[in-house]
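Read off the chains here:
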Amino acid sequence: MRNLNIKLHDLDLRNPVMTASGTFGYGWEYEDFVDMNRLGGIIVKATTGSHREGNPYPRMAETAMGMLNAVGLQNKGIDYFVNEIYPKIKDYPTCVIANVSGSTVEEYEAVAEKMNGLENIPAIELNISCPNVKEGGMAFGTTCASAQSVTRAVRKLYKKTLIVKLSPNVTNIAEIAQSVADEGADCLSLINTMLGMAIDAEKRKPVLSTVTGGLSGPAIKPIALRMVWQVHKVVKIPVIGIGGIRNATDAIEFILAGASAIQVGTANFIDPFVTMKIVDGIEEYLDRHNVASVAELIGALRVE
Amino acid sequence: MKKFVHDFIVISNKRLNSNHFVLELLSPEPLSTMEPGQFAEVLINGSQDVFLRRPFSIHNADRQKNTISLFIKIVGKGTHALSIVQKGEKLNLIYPLGKGFRLPAHEKILVVGGGCGIAPLLFLVHTLHDRGVKSDIILGARSAGDLLITQQFSRYGNMFLMTEDGSAGEKGLVTQHSMFSKGSFAYQTIFGCGPTPMLKALDKIATAFGIECQVSLENTMACGIGACLCCVVKTTTGNRCVCTEGPVFDTRELDGWYQPIAKCYR
Ligand SMILES: Cc1cc2nc3c(=O)[nH]c(=O)nc-3n(C[C@H](O)[C@H](O)[C@H](O)COP(=O)(O)OP(=O)(O)OC[C@H]3O[C@@H](n4cnc5c(N)ncnc54)[C@H](O)[C@@H]3O)c2cc1C
Ligand SMILES: Cc1cc2nc3c(=O)[nH]c(=O)nc-3n(C[C@H](O)[C@H](O)[C@H](O)COP(=O)(O)O)c2cc1C
Ligand code: FES
């Protein structure tokens, strides 16, 4: 038996494999397929201050080795989350993390404060990187000043593990990562989707109702890997790698680049069992390379 | 309803015309319970261009043979790749997905299909037939050559054909069938599947007669199981997922569709 345990600040994860927000619903959507006892954690879909209808249909466009989405944070708001959703997810046999979004600093604060009171949610992931809302969202994640202001405000009132999810739609990811870490984030996750676009040439129309949307899937993996590596080199807090992961080799690559854990998003749509296969594959890799603990591989990239 | 991921075996791939085919697939396990109108998410093997699964309605099910069939129109890369699968190949399916047609207690049922929209309707009339209900079925297409598998349908119900060029049955669109202009319209439920303009026209008819109309929608999907919220349709109670709360909807639930009688006559 190899040791797959990972420590992310105060969180003790069974293994480094988690599911990415917005791609795994609230978890119950996968109940027929995934045994949550086998996952390191799940990040449920974004919660905002109040109910949001999200963007109009069409919200999805398939692209080469990936997809664009323009969901736009559809959710029923924090009060509904606390009253109706939390009771259904609080006893999952895995680490349940909430993803927190908003358009203003006050909205992030309001959601984070209520999340702080939920005993079985040991961490939040602050989504300052969603490309699909007109105001706020990604705007917070694209300048150091705004990323800092929202992190600082939430840090003041959120007492548990605070993960900040970074946007890749920036020129210098390491700079943003550093400034968020300086404000007291416990952990960083990256990347969110990359801003992209799809066109239906026959109709001479954009495919998405919002024209632009967020690109995910294997198409963004090399970018995500590069960003995780750049961020890991400059910050002292743990990094969670996200972007195009669909097998154990991808996951190991992220860990070698410096990720302490990884999240699987779009790949769940293609193979609902993929997360469990990744866990098995990581264990098999450790066996093959005779590594006792997966933690030994974090940032263990051999750069000449 | 529990969902499964299974490797089905292709028993046959039958070409119906230049752009339609039917796949018959053998389940490795006893078939799950399924409602007519439900669908499967099919993984397209080894295609470089097709990244996501593709949704297809369950066209029919044969419990004795333990098979289901899919009726598919070739419209792009994924459907083209499926059109050339060979007998014996495996296809990975997630099924059964979504909510199907809500079958009423009464027997005054009209089933209307246009073009590729006949896919889920065979399983529907088959199921109704098993319950002792022989429904009336209108099938429409551009011309006689596009009217496919009408014999299969005629096993389960009374057929009315429509073609746009008049080469078979009545001439015109399915929603222009003469039965709709007769005074004695006795149906209480219309089940429809086909292009959206056809469904909207059907809904108008249902509205005028003040009866129920259930339609099957084909929004583009990523996950098919309610996890991504990509497939939503605007309903009277906000955006709802077609993959879990549909694909079949009562048109009264759809925003901007069914207009209550009072509104129609205003
Ligand atoms: C619940 C459900 C049930 C369906 N049942 C059937 C069925 O039984 N038989 C059948 O032939 N088709 C059915 N469809 C439609 C089918 O899923 C699409 O035709 C298929 O995904 C197209 O894949 P492709 O790779 O060939 O096309 P692509 O190469 O992806 O696209 C080619 C063209 O088709 C259009 N297109 C792609 N997906 C859809 C869609 N979902 N709706 C409308 N246009 C689309 C694209 O805009 C593009 O113009 C169903 C769809 C849904 C959501
Ligand atoms: C349909 C969809 C919805 C998403 N919703 C959210 C969200 O609500 N909050 C968030 O932080 N990220 C969201 N994401 C981004 C993912 O969590 C992830 O960062 C991104 O998809 C990259 O990973 P992947 O390539 O493995 O999918 C969403 C992604 C997709 C595809
Ligand atoms: S396709 Fe993902 S929620 Fe419907």
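I will try to describe carefully the structure that is included in this document. Fair warning: this is a prediction, and the values are worked out from it, not measured in the lab. (Residues numbered from 1 in each chain as written. Chains lettered and ligands numbered in written order. Predicted model: local features only at pLDDT ≥ 70, side-chain atom pairs only at ≥ 80, totals over all residues. Heavy atoms only, no water.)

Here we come to the overall build of chain B. A count of helices and strands for chain B gives 6 helices and 16 strands. In terms of overall dimensions, chain B is globule-like: its C-alpha atoms have a radius of gyration of 18 Å, near the 18 Å expected for 266 residues. If one aligns the C-alpha atoms of chain B with their principal axes, the spans along those axes are about 55 × 40 × 35 Å. Contacts in chain B between residues far apart in sequence, at least 24 positions, make up 62% of those at least 6 positions apart. Total accessible area computed for chain B in this model is approximately 11300 Å², and 51% of it derives from carbon and sulfur atoms. For chain B, the centre of its 28 positive side-chain charges and the centre of its 22 negative side-chain charges are spaced 2 Å apart. (Helix = DSSP H or I, 4+ residues; strand = E, 2+ residues; numbered from the N terminus. Rg over C-alpha atoms; globule rule 2.2 N^0.38 Å. Contact = heavy atoms within 4.5 Å. Areas by Shrake-Rupley, 256 points an atom, 1.4 Å probe, with all protein chains shown as cover. Lys, Arg positive; Asp, Glu negative; His and termini not counted. Charge placed at Lys NZ, Arg CZ, Asp CG, Glu CD.)

Let's shift gears to the packing of aromatic side chains. On inspection of all chains with the given rule, the structure shows 12 aromatic pairs over all chains. For the pair B:F185 and B:F209, a centre-to-centre distance of 4.0 Å together with 15° between the ring planes defines the contact as stacked. In this pair, B:F185 sits in the loop between β11 (170-171) and β12 (189-193) while B:F209 sits in helix α4 (residues 196-209), placing the two residues 24 residues apart along the sequence. Taken together, the aromatic side chains of A:F24, A:Y30, A:F33 and A:F273 make up a single cluster linked through ring pairs. For the cation-ring pair, A:K233 lies above A:W229, with the distance from its terminal atom to the ring centre recorded as 3.7 Å. The ring of B:F4 is capped by B:K2, whose NZ or CZ atom sits 5.5 Å from the centre of that ring. (Phe/Tyr/Trp six-rings, centres within 6.5 Å; stacked < 30°, edge-to-face > 60°. Lys NZ or Arg CZ within 6 Å of the ring centre and 35° of its normal.)

All names here are of chain B. Residues in close proximity to ligand 1 total 21 residues, the closest being P55, F71, K73, G78 and T79. Between ligand 1 and the protein, one listed contact pairs a nitrogen atom with a backbone N or O atom of S57 at 3.0 Å. Contacts to ligand 1 include K77, whose backbone N or O atom sits 3.1 Å from an oxygen atom. For the shell around ligand 1, the secondary-structure elements that each account for two or more residues are β4 (54-57), β6 (67-73) and α1 (77-83). Each residue belonging to the shell around ligand 1 can be placed in one class, and the counts come to 11 nonpolar, 6 polar and 4 charged. Both of domain 1 (4-97) and domain 2 (109-253) provide at least three residues apiece to the shell around ligand 1. (Near = heavy atom within 4 Å. Polar contact = N/O pair within 3.5 Å; in protein donor to acceptor, adjacent residues only side chain to side chain. Nonpolar A, V, L, I, M, F, W, Y, C, P; charged D, E, K, R; others polar. Domains from an automatic or database assignment.)

This next bit is on the pairing of strand β13 (residues 212-216) of chain B. Residue and element names in this part refer to chain B. The buried fraction of β13 is high, at 5 of 5 residues. Residues E212, Q214 and S216 of β13 are buried on one face, and the alternating residues C213 and V215, pointing to the opposite face, are buried as well. With α4 bridging β12 and the parallel β13, this β-α-β connection has right-handed handedness. As judged from the 3 bridges shared by β13 and strand β16 (residues 248-250), these two strands associate in the antiparallel manner. Paired with Q214 across the bridge in β16 is D250. (Buried < 20%, exposed > 50% of the residue type's maximum accessible area, 1.4 Å probe, protein only. Right-handed = clockwise from strand over helix to strand, strands pointing away. Pairing = 2+ DSSP bridges.)

Let's shift gears to the site of ligand 2. Taken together, 22 residues surround ligand 2, and among them A:S21, A:K165, A:G217, A:G244 and A:T266 come closest. Chains contributing residues near ligand 2 are chains A and B. A:N127 places a polar side-chain atom, nitrogen or oxygen, 3.2 Å from a nitrogen atom of ligand 2. One of the backbone N or O atoms of A:G244 is found 2.6 Å from an oxygen atom in ligand 2. Computed on the free molecule, ligand 2 has an accessible area of 610 Å², of which 96% lies beneath the protein chains in the complex. In the shell around ligand 2, the residues fall into 7 nonpolar, 14 polar and 1 charged.

Bringing the pairing of strand β14 (residues 232-235) of chain B into the picture now. All names here are of chain B. Alignment of β14 against strand β15 (residues 238-241), held across 4 bridges, turns out to be antiparallel. From the neighbouring strand, T235 faces β15, where its bridge partner is G238. The antiparallel hairpin formed by β14 and β15 contains 2 residues in its connecting segment.

These values are about where atoms sit, not about what they do.
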